[in-house]
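# Breakdown of the fold
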Amino acid sequence: MTIDRRRFVQGMTAAALFAPSVAARPPRFAGAFDEIQSWVGRAFPGAVVAIGVKGRLVALRSFGRMSSTPDAPPMPRDAIFDLASLTKVVGTTTAAELLYDRGLLDLDRPVVAYLPAFAAAPGHDRITVRHLLSHSSGLFTTDLLWQHSRNRQELLALIDHMPVAWAPGSHYQYRDENLILMGEIVERLSGKPLDRFLQDKAFGPLGMKDTGFNPPARRRDRIAPTEQDDVFRHRLIRGEVHDENAYVLGGVAGHAGLFSTARDLAKLAELYLRDGRGLLKPSTIAAFTTRQAEPPGTSRALGWDMPDPSGSFAGPRAAPDALIHTGFTGTSLYIDRKRDAFIVLLTNRVNPTRDNKRIFEARIAIHTAILTEMDRQHR
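### Some details on the sheet that holds strand β7 (residues 258-260)
Taken in spatial order, the three strands of this open sheet run β3-β7-β4, and their pairing is antiparallel. Each of the sheet's edge strands pairs with one partner strand only, and the pair in question is β3 (81-82) and β4 (212-213). As judged from the two bridges shared by β3 and β7, these two strands associate in the antiparallel manner. Within β7, the position partnered with Asp82 by the bridge is Phe259.

In structure tokens, the structure reads:
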């Protein structure tokens, strides 16, 4: 697919959106920045936030330190984070959109038509691509796959034999296996490994230079450490994927494994706010960002989640049709089409341990503070 880069940047005010000097301007979200700072040392050791409004990056700020150790350096604005489940939307959903855009992916076709080995268990023939992307496949197990597999082939075989607990399309159950399978479909249809396809067709054209799987060692100093793993790998995890299943899969997987910066994710957010200009058709963006009819009452679009009545992680001020997703390591992305705005919040809340769960409170408080100031400034 040929990308007209001049056409892509037109209408996005890209020079203003990604100008390096933006952080030197007087803070427009001082109250919200105070809120983020208040969670440093409580919910996470450090964070980077990017805020965009009407095609401009109006804030790019860092907070705290790179890790929880007392001598850790300050968190830089260009810190690279393990995105965890943001991989599902930043990576795999984007790849699925590209294939759908070209007419290669049928959302309502059975998964087994693309992955014949997936027909190994009863009920798998009724699961469609749409079921995977909306987390309504019915796949369920209490087993931790990484504890029962030594490599990629063995872990995928476990998914091929996973039981179906509910009729596909009848029940929402968020499962990593859904997007692992989606990543496998992307590879089958594109003829390329997932990481190569995304680099060639998405991250490269979008200028997301710090986004990818298995980051090179030369970027290590900019990578925020995640957990001190005393169960599986028995070392501090830094520069390799935190998620155990993704690690067994070689660091490249449809559900986790991507590393990125706040500035790069700002570019991905603008893609959705500008109807996929230069990369995807508006009709493709619409197909993937519309709340699904099934299961009844679901908050899911395709790949993306959307606010539910409880306010989800984005709090009570979130727009009803916003696109949202979070990552286990402490990452989140909020894209607000009503306000023409986005919020990228990247933290390494699992450092030094995943037992600290205050990120759930912090996300709501931080997003509420940012959206409150955003509304005040744009009345």
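### Some points on the environment of Ala165
On the secondary structure map, Ala165 appears in the loop between α6 (152-160) and α7 (176-190). When the C-alpha atoms of Ala165 and Ala341 are compared, they prove to be 39 Å apart, with 176 residues separating the residues in sequence. If we skip the residues at most four places from it in the chain, Ala165 touches Gly138 and Phe140.

### Observations regarding unusual backbone geometry
Residue Pro295 is bonded to the preceding Glu294 through a cis peptide linkage, with omega at -5°. You can see Pro295 is positioned in the loop between α11 (282-288) and β8 (323-327). The peptide bond linking Asn351 to Pro352 adopts the cis configuration, its omega dihedral lying at 5°. The topology assignment puts Pro352 in the loop between β10 (341-347) and α12 (359-377).

### Considerations on helix α4 (residues 87-101)
In a regular helix each residue adds 1.5 Å, so 15 residues correspond to 21 Å; α4 covers 20 Å between its end C-alpha atoms and thus fits that length. The largest bend in α4 amounts to roughly 30° and is located at Thr93. The buried count for α4 comes to 14 of 15 residues, which makes it a mostly enclosed element. At the exit of α4 stands Gly103, carrying a positive phi of roughly 80°.

### Focus: the environment of Thr298
The topology assignment puts Thr298 in the loop between α11 and β8. Sequence spacing of Thr298 and His135 is 163 residues, and the spatial spacing of their C-alpha atoms is 9.8 Å. Excluding its chain neighbours within four sequence positions, the residues that come into contact with Thr298 are Arg291 and Gln292. A polar contact of 3.1 Å, which involves the side chain of Thr298, links it to the backbone nitrogen of Arg300.

### Points about the side chain of Asp340
If you trace the backbone, Asp340 turns up in the loop between β9 (331-336) and β10. Residue classification places Asp340 among the buried positions, given a relative accessible area of 19%. Asp340 has contacts with Gly52, Val53, Lys54, Gly55, Leu273 and Arg274, leaving out every residue within four places of it along the chain.

### Some points on the sheet that holds strand β1 (residues 46-53)
The sheet built from five strands is open, its strands ordered β2-β1-β10-β9-β8 with antiparallel pairing. Both edges of this open sheet fall to β2 (56-64) and β8, since each of them pairs with a single strand only. Strand after strand, the sheet turns through a mean of 5° between neighbouring axes, direction not considered. Pairing geometry for β8 and β9, over five bridges, is antiparallel. Bridged to His325 within β9 is Leu333.

### As for the layout of surface pockets
The method is simple in principle: a probe with the dimensions of a water molecule rolls over the atoms, and the space it marks as empty is what remains. Put simply, the largest pocket is a space of about 910 Å³. Lining the largest pocket are 38 residues, with Ser85, Lys88, Tyr174, Asp176 and Phe328 sitting closest to its centre. Of all the secondary-structure elements, those providing two or more residues to the lining of the largest pocket are α7, α9 (244-248), β8 and α12. Each residue belonging to the lining of the largest pocket can be placed in one class, and the counts come to 13 nonpolar, twelve polar and 13 charged. One number sums up the size of the second largest pocket: a volume of about 200 Å³. In terms of lining, the second largest pocket is formed by 16 residues, of which the most central are Gln199, Thr211, Gly212, Phe213 and Arg219. Mapped onto the lining of the second largest pocket, the elements with two or more residues apiece are α8 (194-206) and β4. Here the lining of the second largest pocket gets four residues from one element, more than from any other, and that element is α8. Grouping the amino acids of the lining of the second largest pocket by side-chain chemistry returns eight nonpolar, four polar and four charged.

About the criteria used
Residues numbered from 1 in each chain as written. Predicted model: local features only at pLDDT ≥ 70, side-chain atom pairs only at ≥ 80, totals over all residues. Heavy atoms only, no water. Pairing = 2+ DSSP bridges. Helix = DSSP H or I, 4+ residues; strand = E, 2+ residues; numbered from the N terminus. Contact = heavy atoms within 4.5 Å. Expected span 1.5 Å × (residues − 1). Bend = angle between axes of the 7 residues up to and from the residue. Buried < 20%, exposed > 50% of the residue type's maximum accessible area, 1.4 Å probe, protein only. Polar contact = N/O pair within 3.5 Å; in protein donor to acceptor, adjacent residues only side chain to side chain. Axes fitted to C-alpha atoms, helices over the stretch in contact; angles between N-to-C directions. 1 Å grid on protein atoms, 1.4 Å probe; cavity = no way out; pocket = protein on both sides within 12 Å on 5 of 7 lines; lining within 4 Å. Points joined across faces, edges and corners; volume = space filled by probe spheres on them. Nonpolar A, V, L, I, M, F, W, Y, C, P; charged D, E, K, R; others polar.

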